[in-house]
Amino acid sequence: MTRLEPIESLHAADGRPRALVIGAGLGGLAAAMRLGAKGYAVTVIDKLDVPGGRGSAIWQEGHRFDLGPTIVTVPQLYEELWAACGRDFHQDVKLKSLDPFYEIRWPDGTKFVAQHDTDKMRAEVAKIEPRDVAGFDRFLRDSEERYWFGFEDLGRRPMHKLWDLIKVLPRFAWLRADRSVYAHAKRRFRNDKLRMAFSFHPLFIGGDPCHVTSMYILVSYLEKQFGVHYAMGGIAGMARKMADIVEGQGGAFLMNTQVSDIVVRNGRACGVKLEGGLELSADVVVSNADAGHTYDTLMQRAPKRRWTPTRLKRTRYSMSLFVWYFGTKGTRGKWADVGHHTILNGPRYTELLNDIFMKGKLAEDFSLYVHRPSVTDPSVAPDGDDTFYVLSPVPHLGHEGVDWAEETARYKARVLKVLEEQTMPGLGEHIVTEQVFTPDTFRDRYLSPRGAGFSIEPRILQSAWFRPHNISEEAEGLYLVGAGTHPGAGVPGVISTAEVLGQLVPDAETVR
Ligand SMILES: Cc1cc2nc3c(=O)[nH]c(=O)nc-3n(C[C@H](O)[C@H](O)[C@H](O)COP(=O)(O)OP(=O)(O)OC[C@H]3O[C@@H](n4cnc5c(N)ncnc54)[C@H](O)[C@@H]3O)c2cc1C
């Protein structure tokens, strides 16, 4: 997507009001699509060379490493986004439903297979603890209730007015949103393994299950009702299609270009300054950069009422990640019981979470998520080979103590040992290409404050009205989308931030 035309000509006025989007993450791309559909001439700027942000991919020796999201849920969100642009999502992206969804394993050999059919799920629960089947049925009902309120209602509309929050407080209280996901699971399941199996989901959006609001148990209903899918060609392929739509609307991309400042004059965001000094003007500025980076760095010079450096310092960030991407030779069909998504628990659960989120300590043990897309999508690896990534949640860089330049080789060796012992004997001999992302990579590649994997943690007092608003509190004409804003991280979350943006930005014809 690197363009050779001069920047000014890409951003040339064509009679339409101009919108600038900082960041081509999935939230930024969805925002650009919405703005294009509203009649704006959109320019998207990103420091990376490809669109997708955390949802981008890199190719290495015939292996495609999808760097981040692997699971697609709630396909109707994408169908609606595409429809808003006059397009058919399924023409552009082929989704493959996975069933079983994923497998969870423990060191003693116990397995739990999450799948679509509710009776089969009951059987999985009964296999571990027959007395927990009734609790599972109740948990599913709890989950559905929270889905309709938390996802379909609150998650898809603006929450920047305090009154909007006050109006829903009784409902929050009734649903005991003050309880954590883990506390809720603990009330419904006697067995510790089942408590883990029904409470770990917030980790996919950077939340500590022991502190994230129990509203997030809605994920169980969402999986059951809408399925777990894989986008053939990876999420990076989907991001590419989103970029094509933006270009089809007359939008432009400035890749390999970093924004240094949001230009604010008389309290109004009127453009951006690029590294190197060039200034681009706009009627509307949307930041898909991390909300913390937006206010701390890009708006360093502008006076702030709410998102001051002191407040941002107090803000709790999600955990970070150690992600090891590797390609293996001649292994297709080998390790046959390792499917597309596997979670390997270590010996501890809540104690490990406490180490990662509260103590900020890199523990000796870990829980791993293993992604093996080559069992579903042959395009990720050469014939007969496999592509994997293995992910371990680790403390973010705001805690002191880990020097990742020193630690990486040691940590990777420990991960390899566990993988070889528990699932893939001889793995090390088959690895032919690899890449490791540590918290340092998250800080440097995506400009994530503290190297966090998922921006601001979704605790109750950092959610909805408490989260950075989609319409900025600090400057007129400035809007925010992406993981650090309402409703939050995860692909459905950031797609929804753009849906909310679409409700807040005026239609282009009313602007000039
Ligand atoms: C390993 C991993 C696995 C995940 N798995 C899942 C999953 O299975 N399902 C799911 O739903 N979610 C998953 N997620 C979460 C999901 O990927 C993210 O929440 C989501 O993609 C974040 O999108 P975003 O729009 O907020 O921005 P980002 O992807 O963070 O993109 C922001 C973009 O802004 C650019 N940028 C920042 N600052 C500047 C600047 N100053 N100038 C120019 N450009 C700038 C960055 O380069 C980046 O491209 C996963 C995340 C990770 C890391």
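About the criteria used
- Positions within a chain are numbered from 1, following the residues in the order the chain's sequence is written.
- Note on the predicted model: pLDDT of at least 70 is required for a residue's local features to be given, and 80 or more for side-chain atom pairs to be given and counted; whole-chain, interface and lining totals, by contrast, use all residues.
- The helix count covers DSSP runs of H or I at least four residues long, the strand count covers runs of E at least two residues long, and both are numbered beginning at the N terminus.
- We compute the radius of gyration over the C-alpha atoms and compare it with the globule rule, which gives 2.2 Å times the number of residues raised to the power 0.38.
- We call two residues in contact whenever the C-beta atoms placed from their backbones are within 7 Å.
- Nearness here has a simple definition: the residue's C-beta atom, placed using the backbone, must lie within 6 Å of the molecule or strand.
- Note that Gly is not counted as nonpolar here; it falls among the polar residues with everything else outside the nonpolar set of Ala, Val, Leu, Ile, Met, Phe, Trp, Tyr, Cys and Pro and the charged set of Asp, Glu, Lys and Arg.
- Those domain boundaries reflect an automatic or database domain assignment.
- Joining buried Ala, Val, Leu, Ile, Met, Phe, Trp, Tyr and Cys residues through C-beta atoms within 7 Å gives a set, and that set is a nonpolar core.
- With C-beta atoms placed from the backbone, a residue counts as buried when 20 or more other C-beta atoms lie within 10 Å of its own, as exposed when 12 or fewer do, and as partly exposed for counts between those limits.
- Strand pairing is assigned whenever DSSP detects at least two bridges linking the two strands.
- For every element, the axis is a line fit to its C-alpha atoms; helices are fit only across the contacting stretch, and the angle between N-to-C directions ranges from 0 to 180 degrees.
- An angle counts as roughly parallel when it lies under 35 degrees, as roughly antiparallel when it exceeds 145, as roughly perpendicular when it falls between 65 and 115, and as oblique in every other case.
- Two helices that cross are described as forming a left-handed crossing if the nearer one is turned anticlockwise from the farther one by less than a right angle, and a right-handed crossing if clockwise.
- Helix span is expected to be 1.5 Å times the residue number reduced by one.

(A) Quick peek at the overall build of the chain. Helices and strands together make up the secondary structure of the chain, namely 18 helices and 19 strands. For a compact globule of 512 residues, the expected C-alpha radius of gyration is about 24 Å, and the chain comes in at 22 Å, within 12% of that figure. The contacts of the chain with a sequence gap of at least 6 include a subset with a gap of at least 24, amounting to 73%.

(B) Seen up close, the site of the ligand. Around the ligand, the surrounding shell holds 39 residues, and the nearest of these are Gly-23, Gly-25, Gly-27, Gly-53 and Gly-482. Contributions of two or more residues to the shell around the ligand are made by α2 (26-37), α12 (291-298), β14 (320-328) and α18 (491-504). Of the residues assigned to the shell around the ligand, the class counts are 22 nonpolar, 14 polar and three charged. Taken together, domain 1 (7-94 + 232-315 + 455-510) and domain 3 (319-446) each give at least three residues to the shell around the ligand, which thus spans both.

(C) Spatial organisation of the nonpolar core. Of all hydrophobic cores here, the largest spans 144 residues; its most connected members are Leu-29 and Ala-30. Residue contacts for Leu-29: discarding those within four places in its chain leaves Ala-24, Pro-51, Ala-239, Met-242, Ala-243 and Val-246.

(D) Representation of the pairing of strand β7 (residues 111-114) within the structure. Judged by which residues are buried, β7 turns out to be one-sided: Phe-112 and Ala-114 face inward and are buried, whereas Lys-111 and Val-113, on the alternate face, are not. Relative to β7, strand β6 (residues 102-105) is paired through four bridges, and the arrangement is antiparallel. When the bridges of β7 are listed, Arg-105 appears paired with Lys-111. In this antiparallel pair of consecutive strands, β6 and β7, the connection spans five residues, and Gly-109 shows a positive phi of 95 degrees.

(E) Representation of unusual backbone geometry in the model. The linkage connecting Asp-99 with the following residue, Pro-100, adopts the cis geometry, with an omega of 5 degrees. Along the chain, Pro-100 turns up in the loop between β5 (95-98) and β6. The backbone phi angle of Ser-455 is positive, close to 65 degrees, even though this residue is not glycine. Tracing the backbone through its elements, the reader meets Ser-455 in the loop between α17 (439-446) and β19 (478-480). Residue Ser-455 is classed as buried on the basis of its 29 C-beta neighbours within 10 Å. In this structure, Ala-464 takes a positive phi of about 50 degrees despite not being glycine. Secondary-structure assignment places Ala-464 in the loop between α17 and β19. Owing to 24 C-beta atoms within 10 Å, Ala-464 belongs among the buried residues under this scheme.

(F) Representation of the sheet that holds strand β9 (residues 252-254) within the structure. Spatially, the five strands line up as an open sheet ordered β9-β2-β1-β13-β19, and their pairing is parallel. Where the open sheet ends on each side, the last strands, each with one partner, are β9 and β19. For this sheet, the mean inter-axis angle between neighbouring strands, taken without regard to orientation, is 20 degrees. In this sheet, β19 lies alongside strand β13 (residues 284-287) in parallel orientation, the contact comprising three bridges. Considered in β19, the bridge of Val-286 is made with Tyr-479. Where α2 meets the sheet, its contacts fall on β1 (18-22), β2 (41-45) and β13, and the angle it forms with β2 comes to roughly 170 degrees.

(G) Focus on the sheet that holds strand β12 (residues 279-281). Taken together, three strands build an open sheet; the order of strands is β10-β11-β12 and the sheet is antiparallel. Strands at the two margins of the open sheet, each flanked by one partner only, are β10 (259-265) and β12. Averaged over all adjacent pairs, the angle separating strand axes in this sheet is 30 degrees, with direction ignored. Taken together, the six bridges between β10 and strand β11 (residues 268-274) define a ladder with antiparallel strand orientation.

(H) View of the domain arrangement of the chain. The domain boundaries assigned to the chain delineate domain 1 (7-94 + 232-315 + 455-510), domain 2 (100-226) and domain 3 (319-446). Here the C-alpha centroids of domain 1 and domain 3 sit 29 Å apart. Between domain 1 and domain 3, the residue contacts involve 13 residues of the former and 16 residues of the latter. If you list the elements that add at least two residues to the side of domain 1 that touches domain 3, you get β3 (57-60) and β4 (63-66).

(I) Layout of the packing of α2 against α18. One way to put it is that α2 packs onto α18 with a least axis distance of 8 Å and a crossing angle of 30 degrees. Here α2 is positioned roughly parallel relative to α18, judged by the angle of their axes. α18 is crossed by α2, and the crossing has right-handed handedness. Contact residues: Leu-26, Gly-27, Ala-30, Ala-31 and Arg-34 in α2; Val-491, Val-494, Ile-495, Thr-497, Ala-498, Leu-501 and Gly-502 in α18. Tallied by class, the residues present in the contact of α2 with α18 amount to eight nonpolar, three polar and one charged.

(J) Spatial organisation of the pairing of strand β16 (residues 368-371). What you see with β16 is no split at all: Leu-368 and Val-370 on one side and Tyr-369 and His-371 on the other are buried throughout. Examined bridge by bridge, strand β15 (residues 341-344) and β16 share four bridges and lie antiparallel to one another. Across the sheet, the residue bridging to Thr-342 is Val-370, located in β16. Inspection of the sheet shows β16 paired to strand β17 (residues 386-394) by three bridges, in the antiparallel sense. If you follow Val-370 over to β17, its bridge partner there is Val-390.

(K) Main features of helix α11 (residues 234-248). For α11, with 15 residues, the first-to-last C-alpha span of 22 Å sits near the 21 Å given by 1.5 Å per residue. The element α11 is largely enclosed, with a buried count of 12 among its 15 residues. Among all positions of α11, only Gly-234, Ile-235, Ala-236, Gly-237, Met-238, Ala-239, Arg-240, Lys-241, Met-242, Ala-243, Ile-245 and Val-246 are buried. Positive backbone phi, at 90 degrees, marks Gly-250, one or two positions downstream of α11.

(L) Quick peek at the environment of Pro-17. Inspection of the secondary structure puts Pro-17 in the loop between α1 (7-10) and β1. On the neighbour-count criterion, Pro-17 (20 C-beta atoms within 10 Å) is buried. Placed 492 residues apart in sequence, Pro-17 and Glu-509 show a C-alpha to C-alpha distance of 8.0 Å.

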